[in-house]
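# Notes for the structure review
Each chain, written out:
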Amino acid sequence: MKQLLVFIRKEFYHVFRDRRTLLILFGLPVVQIILFGYALSSEVKNIGIAIQDNAHDIHSVQIISKIQASPYFTMHGPIMNYLDVERRFKEGSIKCAVIFPVNFGKDLYRTGGAQIQIIADASDPNTATILTNYLNNIINDYQQQLNPHIKITYKIIPEIRLLYNEEQNGSLNFIPGVIALIFMIVSTALTSVSVVREKEMGTMEILLVSPFKPVMVLMAKAIPYLVLSLVNFVIILLLSVYLLDVEIRGSLLLLFGESILFIITCLSLGLLISNVTNSQQTAMLISMMGMMLPTLLLTGFMFPIENMPWIFRVVSHILPSRYYYDIVKAVMLKGLGFSYVWKETLVLLIMAGGLLTLALKKFKIRLS
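A brief look at the structure comes next. No experiment lies behind these values; they were computed from the predicted model shown. (Residues numbered from 1 in each chain as written. Predicted model: local features only at pLDDT ≥ 70, side-chain atom pairs only at ≥ 80, totals over all residues. Heavy atoms only, no water.)

The next thing to look at is the environment of Ala50. On the secondary structure map, Ala50 appears in strand E1 (residues 47-53). The exposure class assigned to Ala50 is buried, which follows from its relative accessible area of 0%. Expressed as a C-alpha distance, the spacing of Ala50 and Val98, which sit 48 residues apart in the sequence, is 6.6 Å. With residues up to four places along the chain from it excluded, the contact list for Ala50 reads Gly77, Ile79, Arg88, Ile94, Cys96, Ala97 and Val98. (Helix = DSSP H or I, 4+ residues; strand = E, 2+ residues; numbered from the N terminus. Buried < 20%, exposed > 50% of the residue type's maximum accessible area, 1.4 Å probe, protein only. Contact = heavy atoms within 4.5 Å.)

Listed below in structure tokens is the structure:
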């Protein structure tokens, strides 16, 4: 046991002496959590909008005030004519325009009702759809305030309830995926160079003559990164709760235990990569680039897996990050217990055992 502790301490020294490793270990997670939490949000905010008010009555002014008060729009100067609308769309200064007709207030009380023209930039169809829905909601809300007591026969009014994210906080969609991405990249990348570094530095012979068993050597190389990854996990949770206003609904103990299992899976994958490559550059390239894109694309937090062709849905099942992402969503955001995530936990446990067995087998071959 004393020899194992000495070997673990040696690996800690390797980590703290390498500034690049420390940057990857602690700098990358903080940057990613802030970037995904703030910049890469699925919400549409601060969109440029301009209005041509040909009516100049109380109703058009009140609707314009509501649009101006909305956090989703940034009001630009008034539109003079249709040529001005086209010019602003071409310049990219606005993404949406609203035009009130001359007799808007008078038409509002007629049988046919009044019309408002909404023009949106559909070069990004998703954004255009969201913008028009925002404006429709604002207009419908104003109409409801204008006629609160009018009841229309056979009118169907849907009552919408949003579960688990009532405030529609965009960060809630990204945080579980970012946690999985960070562990998948950082834990895999750092351990992927641990064994091949011994070969490049010429210290593999020391391992050959050491009284350590191969499994003890791999444990000594993995434990420091396990400890530092858990420190990373605590930092990520603190940033999520206090910086991004993410509420942890489920059990912290369960979330912590599942994270340990996922980190061990990633460390085992990194050790396997380290034992099948011959240079640190190759190992780092495989672990970072080879793990980043599949985690981004096939985990489910950037693009729904259900929308993908069947071949990609099948491939996504071999990624540990997919199961961990589902676990974090269920525990952190939905407040579910172990009975809802035991299947994903079992898959991660099998993956961790299989990867560690393969890494140990390859390490024995490398030592022989």
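Here the focus is the sheet that holds strand E3 (residues 96-100). The four strands lie next to each other as E2-E1-E3-E4, forming an open sheet whose pairing is mixed. Strand pairing shows two members of the sheet lacking a second neighbour, strand E2 (73-75) and strand E4 (117-120), which therefore form its edges. Sheet twist, expressed as the average angle between the axes of neighbouring strands with direction ignored, equals 25°. As defined by bridge partners, E3 adjoins E4 across four bridges and the pair is classed as antiparallel. When the bridges of E4 are listed, Cys96 appears paired with Ala120. (Pairing = 2+ DSSP bridges. Axes fitted to C-alpha atoms, helices over the stretch in contact; angles between N-to-C directions.)

For the rest of this paragraph, the subject is the environment of Asp141. In this structure, Asp141 sits in helix H6 (residues 125-146). Since its relative accessible area comes to 36%, Asp141 is described here as partly exposed. When the C-alpha atoms of Asp141 and Ile63 are compared, they prove to be 9.6 Å apart, with 78 residues separating the residues in sequence.

Coordinates in, geometry out; function isn't part of it.
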